Amino acid sequence: MTSDRLKQTLPLVFSLLFLVASCATTHDRLLDMETSQVQLRSIQSRAFDTTDKEKTMRAIIATLQDLGFMLDRADYTLGVVTASKARGDSYQMQAPAALRITVTVRPRGEKQLLVRASAEYLRSPVTEAKPYQNFFNSLEKAMFLEAHQVD
Amino acid sequence: MRLPLRFGCAALAALLLMTGCYAVTLDRDLNLTPEMLAQRQVQTRRFDTADEQRILKTCAALLQDTGFNIDESETRLGILTASKERDATDPVQWAVFLTAAIFLGVPIPPDKDQVMKAFVTTRPVGAEGRQVAVRVVFERAVYDTDGRLTKIEPLTEPRMYQTFFEKLSKALFLEAHDF
């Protein structure tokens, strides 16, 4: 009798377990592994022919200010800038910081700096190439330098 | 006869609440537009000094004078951000709220508090960096009587920026002449 009942409920239990297991866990979200890391890094990065870190960071900040972002953090030593932008009224308001971006600058070889931007939009990571392309187009104008695609 | 009045009120309330707001989108908000560059003009002034740090210090003092708290700063990059919380009660909105509540039975909570933010950047400009350009951007986030975020908007009125730069010029002049 009991084993019959077990046989009946077992598939249900398994399917439930399967459903739970297929949901994104905190672990998955903490260390987001949805897209290929290499591919994402290439979308988010550009190299500039300069070694002037200060000038580059100032250009990044000026670009973000032009784009209407408010600065959250900036650290010269670490080469990190974080800014966010949110607009809207109660009908559209989905998250207090709708678009958030972190930009880092570090040396690439002897003659270049690597600028990497990573954005978050409405609580999800931005993995499409176009928004980053737009950001680097805007940054190029402030840098007066061409942004080189890197692999 | 009552129905059109209702619709009229609702439309009016919606109009008052929705003027000039848009949501951030990925397609639009990382592209430089002519409007953004026009804003830059309004929000920037040049000062005849090579001393960027002094300007930044004066900006910090000016923001403190006007009731702001400094949130973040990085002297090496010419950055300063500050914020303050203030009352956001608007008599017009209260009138709409009462009208809507009485005639439509729909309470639309009016605005109560706001967080105002300032973002200042400085950079050396001109021949041999003899001038410093100062740019300030103001924006505000408004919360209603229920504590819900109702809007985030840039403050674009040119008068605000004029006043800020007038005060900054005055402060720099006073400092320079050591009154």
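Scroll up for the structure.
A tally of regular secondary structure across chain A gives five helices and eight strands. When the 151 residues of chain A are sorted by exposure, 40% land in the buried category. Partitioning the contacts of chain A with sequence separation of at least 6, the portion at a separation of at least 24 is 56%. Accessible surface, chain A: about 9000 Å² in total, of which carbon and sulfur atoms supply 57%.

Grouped together as the largest cluster of nonpolar side chains are 44 residues, with contacts concentrated most on A:L64, A:F69, A:L99, A:I101, A:V115, A:F135 and A:L139. Put simply, the parts of the chain that give this core at least two residues each are α4 (53–66), β2 (70–75), β3 (80–85), β5 (99–108), β6 (112–121) and α5 (129–143) of chain A together with β5 (131–144) and β6 (149–154) of chain B. The residues touching A:V115, leaving out its near neighbours within four places in the chain, are A:Q44, A:S45, A:R46, A:F48, A:T56, A:I60, A:V103, A:T104, A:V105, A:F136 and A:L139. In terms of nonpolar packing, the next biggest core, distinct from the first, is built from 21 residues, B:V132, B:V136, B:Y161 and B:F165 among them.

Glancing now at the pairing of β6(B). With five of its six residues buried, β6(B) lies for the most part within the structure. Where β5(B) hands over to β6(B), the hairpin turn is made up of four residues, of which B:G147 adopts a positive phi near 80°.

Analysis parameters
- Residues numbered from 1 in each chain as written.
- Chains lettered and ligands numbered in written order.
- Predicted model: local features only at pLDDT ≥ 70, side-chain atom pairs only at ≥ 80, totals over all residues.
- Heavy atoms only, no water.
- Helix = DSSP H or I, 4+ residues; strand = E, 2+ residues; numbered from the N terminus.
- Buried < 20%, exposed > 50% of the residue type's maximum accessible area, 1.4 Å probe, protein only.
- Contact = heavy atoms within 4.5 Å.
- Areas by Shrake-Rupley, 256 points an atom, 1.4 Å probe, with all protein chains shown as cover.
- Core = buried A, V, L, I, M, F, W, Y, C linked by side-chain atoms within 4.5 Å.
- Pairing = 2+ DSSP bridges.

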